Amino acid sequence: MTVPLPIFVAVPLATAFLLPVFAKRGKAVATVLANLATVSLLVMALCSIGQTRVYEVGRWSIPLGINLVLDGLSCLLLLAISVVSTAAMLFSVRYMEQYTAKAKYLSLFLLMVGGMNGVVLSGDIFNLFVFLEIASIASYALVGFGCGNEELEASFKYMVLGSIASTFILFAIALVYGNTGSLNMAYISKAIQGSGLNAGLAFALSLFIVGFSLKAALVPFHAWLPDAHPSAPAPISAMLSGVLIKALGVYALVRVLFNVFGISVSMGWILIILGLSSMVAGAFLAMGQWDFKRLLAYSSISQLGYVILGIGLGGLIIAQGGNLAWASLAILGGLFHLLNHAVYKSLLFLTSGSVEMSTGTRQLKQLGGLAGKLPFTRAACTVASASIAGIPPFSGFWSKLILVIAAVQAHFYWIAAIIVFVSLCTLIMYLKVQRYVFLGELPENLQQTKENRGSMLVAMVFLACLCVLMGLLVIIPALRNSILEPAVKVLTDGLEYSTKIIKL
Amino acid sequence: MKGMTIIVKTISSWVKVLIFMFGIYIIIFGHLTPGGGFAGGVILASSYVLLMLAFGREFVEENLSLPVASKLDCVGALLFAAIAMFGLFYGAACFFWNFIQAEYLADKETAFRLISAGTIPLSNLAIGLKVGASLFLIILVLSTFRPDVSVKEKE
């Protein structure tokens, strides 16, 4: 089935503007509609697996018009976005009852989803920027949705740093337009291949790296994330950590580096260093946290480091003219880790929301012994923790294993050692979560704690099942060839992207 | 008495009509002359800003209340999306396909007439509604802002 690509953007945007019309009385209708929108997006994303298509909006051919491009990489991100947004939306049905103005929340949520879908589908770099701003501005508002002093402060900090990132990206786009005369990514890539990298383009490239790294919260640029992600309502934390930093940061950075500018040895090393510093610093910072959600936020930085490291390692091998098989393997590991992290980190944030809703606190020292009181939340949290720590049957193990194999095969033994070491740190921090939240003694004031059932439980079980089953994505060749391999191929092909898109 | 002096009030109550009509003109002729939905919408909102300055916020809120403006805002965005989506159901079946131009005005010489350019004037109307309502809302919300005194009282 071929879904017209703009539908992925139009459905969430139109639904988002439809919801506030129902006002206060139609809260139930608004909730149902919003859930229908996310579920239909998931179905359409599943229908688009394995397709490569170009869509010219309004029948204006490129480079005059705007095109939307669906390829393996976009499809992978679309899947991650729709899976996580479906689960988070389902979770919100019950969770957001604690807040007022649910219809506004739902419409901001859908705006964010629409923006992210636009970012991953856009083949036009300025359109990418516009969708990036839609998603970012919706997320600034959602981070401050609680309207408490702490939330507003975090939201303001996020907004300032996010706007700086957007400004960098806009400057870079202006420079690229001035130097190549095109805004279409395929044509920009062609122009750069023809003329080579002049000073203006090199400056634009560095601005892109800074801007997208700020959006992805890689380590020197991570200051906003540990405040913003814990302050948001739990389903939004799940969306932010699970997919927003990946769609706006990692995807856009990788697309620009690999497909537009072309990967070089120095860019490969920059990605590897960004990845390694994020992994190590994020893990060390996370281990010392006593706030449940803040720990998860720091751990997101660490896990995102794996993604960037894998992709950077692959890029370095390609740029050095090494064995393409190991480059593909490294990129496969990075992208698979991206998909895995989207699922288990959003699950962890959802369980933290469930714990917070039942107990009213997220300070690890005030919790404990909840294993008996919250059996389902506990089970989901354990599955996700095992997955993120890389314990064999769960999904996180496979992606980390692939990354280690790729690093060893490419003779970067020290990188393999760091990957294993950070994995150990991850295990320590999630054992800490298990110990202080679910094991140990139950404090007096938490004796009356009740499990959250209904939609919250369904959302958590859905993601937990995925955590267990996702390993199949690399083990079964048919699944690997339809979902992961096309995404890897987009990156290993690099600059051939432009000729492919222009031909289609 | 709320707002400014009687002179300002009288003049602005005449001028606001002219500004509002100019905004509508800019929107409707958006496809023929410079301007369009965004510029016209800003002018529409600015007529309300003039009222707000001359008569005070309460007067304006009676005239166009916050929930109504919010609904207009959503309707504008929905109309724009709907016009884009309609393109999917006509001949070329393409998002943002200018179906009115292609299907109904195809063989007519309509250049530089008011009714021409297919869906573009309709999109301009939707954008004008959206921009006018949301800019009005932004200014209204900014003018109702009060610093949070409850925190200081607690301390």
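Keep in mind the model is a prediction, meaning the values are calculated, not measured. (Residues numbered from 1 in each chain as written. Chains lettered and ligands numbered in written order. Predicted model: local features only at pLDDT ≥ 70, side-chain atom pairs only at ≥ 80, totals over all residues. Heavy atoms only, no water.)

Engineer: Looking at this structure, I do not really get the packing of helix 13 (residues 324–359) of chain A against helix 17 (residues 455–469) of chain A. What am I missing?
Structural biologist: Packed helices, taken two at a time, are described by the angle their axes make and the gap between the axes. All names here are of chain A. Orientation of helix 13 relative to helix 17, taken along the N-to-C sense of each, is 150°, at an axis distance of 9 Å. In terms of their interaxial angle, helix 13 and helix 17 are classed as roughly antiparallel. For the pair helix 13 and helix 17, the sense of crossing is left-handed. In this structure, helix 13 uses Val343, Tyr344, Ser346, Leu347, Leu350, Thr351, Ser354 and Met357 to contact helix 17, whose residues at the interface are Met456, Ala459, Met460, Leu463, Ala464, Leu466 and Cys467. (Axes fitted to C-alpha atoms, helices over the stretch in contact; angles between N-to-C directions. Helix = DSSP H or I, 4+ residues; strand = E, 2+ residues; numbered from the N terminus. Parallel < 35°, antiparallel > 145°, perpendicular 65-115°, else oblique. Left-handed = near helix turned anticlockwise from the far one by under 90°. Contact = heavy atoms within 4.5 Å.)

Engineer: Quick question: what am I supposed to make of helix 12 (residues 292–319) of chain A here?
Structural biologist: Since the α-helix advances by 3.6 residues per turn, residues separated by three or four positions end up pointing in the same direction. Residue and element names in this part refer to chain A. A rise of 1.5 Å per residue sets the reference length of helix 12, with its 28 residues, at 40 Å; its end C-alpha atoms lie 41 Å apart and thus fit the reference within 8%. Here helix 12 lies mainly inside the structure; 25 of its 28 residues are buried. Regarding helix 12, its N-cap is aspartate 291, as a side-chain oxygen of that residue lies 3.0 Å from the backbone nitrogen of lysine 293 further along. Phi turns positive, to about 75°, at glycine 321, one or two residues after helix 12. (Expected span 1.5 Å × (residues − 1). Buried < 20%, exposed > 50% of the residue type's maximum accessible area, 1.4 Å probe, protein only. Polar contact = N/O pair within 3.5 Å; in protein donor to acceptor, adjacent residues only side chain to side chain.)

Engineer: I tried to follow the pattern of salt bridges on my own but got confused; where do I start?
Structural biologist: Should the charged atoms of two oppositely charged side chains come close, the side chains can pair. All names here are of chain A. Counted by the stated rule, this structure contains 13 salt bridges over all chains. Arginine 255 serves as the salt-bridge partner of aspartate 71, at 3.0 Å between the closest nitrogen and oxygen. Here aspartate 71, found in the loop between strand 2 (67–70) and helix 3 (72–95), pairs with arginine 255, found in helix 10 (residues 234–261); they are 184 residues apart in sequence, far enough to count as distant. Taking relative accessible area as the criterion, aspartate 71 reaches 4% and is therefore assigned buried. Between lysine 489 and aspartate 493 there is a salt bridge, with the nearest N and O atoms lying 3.2 Å from each other. With lysine 489 and aspartate 493 both in helix 19 (residues 477–493) and 4 residues apart, the pair spans about one turn of that helix. (Salt bridge = Lys/Arg side-chain N within 4 Å of Asp/Glu carboxyl O.)

Engineer: So what exactly am I meant to see when it comes to a nonpolar patch on the surface here?
Structural biologist: Residue and element names in this part refer to chain B. There is a patch of nonpolar side chains on the surface, built from Phe20, Ile24, Ile28, Leu114, Ile115, Leu122 and Leu125 and spanning about 600 Å² of accessible area. Broken down by secondary-structure element, the contributors of at least two residues to the nonpolar patch are helix 1 (6–28) and helix 6 (119–144). Take the nonpolar patch: its biggest share by element is 3 residues, from helix 1. Checked against the element boundaries, isoleucine 28 lands in helix 1. Isoleucine 28 sits in the partly exposed class, given a relative accessible area of 35%. (Patch = residues over 30% accessible without salt bridge, like charges linked within 9 Å, V, L, I, M, F, W, Y side chains within 5 Å. Areas by Shrake-Rupley, 256 points an atom, 1.4 Å probe, with all protein chains shown as cover.)

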